[in-house]
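Take a look at the letters that make up each chain.
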Number of protein chains: 2
Amino acid sequence: MKLEKTFGDTVKKLREDKNLPLREVAEALNIDTSMLGKIEKNSRKPTKQIIEKFAKFFKVSSKDLTIAFLSDTVAYQVMEEEDFSSEVFKVAEEKVEYLKTKKSPEK
Amino acid sequence: MKLEKTFGDTVKKLREDKNLPLREVAEALNIDTSMLGKIEKNSRKPTKQIIEKFAKFFKVSSKDLTIAFLSDTVAYQVMEEEDFSSEVFKVAEEKVEYLKTKKSPEK
DNA sequence: TACTTTTGGACTGAAGTAGTCCAAAATGAA
DNA sequence: TTCATTTTGGACTACTTCAGTCCAAAAGTA
């Protein structure tokens, strides 16, 4: 699975590589055709369930697809707010580390 | 300015280091006391304007405060979704890079 | 021309959330 | 214990955001 610039581009590529129309994929995933079109255009976000369906249908790793999706949303979020993106991500990663150790049973 | 585990902890520390009650800081920032309490407890998010007011009042860098805040929100967002956090941040940073070059006038 | 796909506008219902108000709980001083 | 102040959080409102739907126009194809 190739990582495109956005989640929408990624799933669009998966679909076009198989020469399938939106309608057909949408039916397979059991979602509205227009909804799928919007997801490909990044104007609607997929739910976790839809990401799972994508992964199954296109036979790609759902972890990779989830990374593609989450990285999109956090990238846009940080972009909106001026710069400092790499600092934000660096600190965020430390916080995740900290939160993880807090969650798992200590010792 | 010390970076605490969360944005709330960070501003709480700034306040307690000066031995000020919530009421007093809230008045200075012109927000509800309860609102400030909630921000310190991370149950409400500060607006950009409030972050600016914090920075001014406590005489700390608004950039640092913004990083403290943004890293909080993206950390929680990624935490909620299983693991892969570092991969997500890595990809997100690449996307930000790409988006930045797209925004600024090419060539 | 006729058919299919793609795109996007407009809307709805639901979910989320900033901000307010108030009162109970905690803290602390006398 | 009492009194005053601070801290905490519940409940509510108003507002915004957004997934999901429906539909129709535009674009593409034969």
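Residues numbered from 1 in each chain as written. Chains lettered and ligands numbered in written order. Predicted model: local features only at pLDDT ≥ 70, side-chain atom pairs only at ≥ 80, totals over all residues. Heavy atoms only, no water.

## What to know about the protein's contact with DNA strand C
Not every one of the 16 residues close to DNA strand C is listed here, only the nearest: Leu-22, Arg-23, Ser-34 and Lys-38 of chain A together with Arg-44 of chain B. The sugar and phosphate moieties of DNA strand C supply 55% of its atoms located within 4 Å of the protein. Within the contact set of DNA strand C, a phosphate oxygen lies 3.2 Å away from a side-chain nitrogen or oxygen of Arg-15 of chain A. Of the residues in the surface near DNA strand C, the class split is 4 nonpolar, 3 polar and 9 charged. (Near = heavy atom within 4 Å. Polar contact = N/O pair within 3.5 Å; in protein donor to acceptor, adjacent residues only side chain to side chain. Nonpolar A, V, L, I, M, F, W, Y, C, P; charged D, E, K, R; others polar.)

## Some thoughts on the interface of chain B and chain A
Residue-level contacts link 36 residues of chain B with 37 residues of chain A. Carbon and sulfur atoms supply 74% of the area buried between chain B and chain A, which totals about 3500 Å² over both sides. On the chain B side of the interface with chain A, the three residues burying the most area are Leu-70, Met-79 and Lys-95 of chain B, jointly 17% of the side's total. Inspection of the region where chain B meets chain A yields 6 salt bridges. Between Lys-95 of chain A and Asp-72 of chain B there is a salt bridge, with the nearest N and O atoms lying 2.6 Å from each other. The interface formed by chain B and chain A contains 10 residue pairs in polar contact (both at pLDDT 80 or more). Going through the elements one at a time, α5 (62-80) and α6 (85-103) of chain B are the ones with two or more residues in the side of chain B that touches chain A. (Contact = heavy atoms within 4.5 Å. Buried area = accessible area lost by both parts, 1.4 Å probe. Salt bridge = Lys/Arg side-chain N within 4 Å of Asp/Glu carboxyl O. Helix = DSSP H or I, 4+ residues; strand = E, 2+ residues; numbered from the N terminus.)

## A look at helix α1 (residues 7-17) of chain B
Residues and elements named next belong to chain B. Here α1 has its buried residues at Phe-7, Gly-8, Thr-10, Val-11, Leu-14 and Arg-15. Considered in projection along α1, the buried side chains sweep an arc of 165 degrees and stay on one side of the axis. Two residues or fewer past α1, Asn-19 is found with a positive phi of approximately 55 degrees. (Buried < 20%, exposed > 50% of the residue type's maximum accessible area, 1.4 Å probe, protein only. Arc of directions from axis to C-beta.)

## Overview of the protein's contact with DNA strand D
In the vicinity of DNA strand D lie 17 residues, with Arg-44 of chain A together with Leu-22, Arg-23, Ser-34 and Lys-38 of chain B positioned nearest. The sugar-phosphate portion of DNA strand D accounts for 56% of its atoms within 4 Å of the protein, the bases making up the rest. One of the side-chain nitrogen or oxygen atoms of Arg-23 of chain B is found 2.6 Å away from a phosphate oxygen of DNA strand D. Between DNA strand D and the protein, one listed contact pairs a phosphate oxygen with a side-chain N or O atom of Lys-41 of chain B at 3.1 Å. Those elements that provide at least two residues to the surface near DNA strand D are α3 (33-40) of chain A together with α1, α2 (22-29) and α3 (33-40) of chain B. Classifying every residue of the surface near DNA strand D gives 4 nonpolar, 3 polar and 10 charged.

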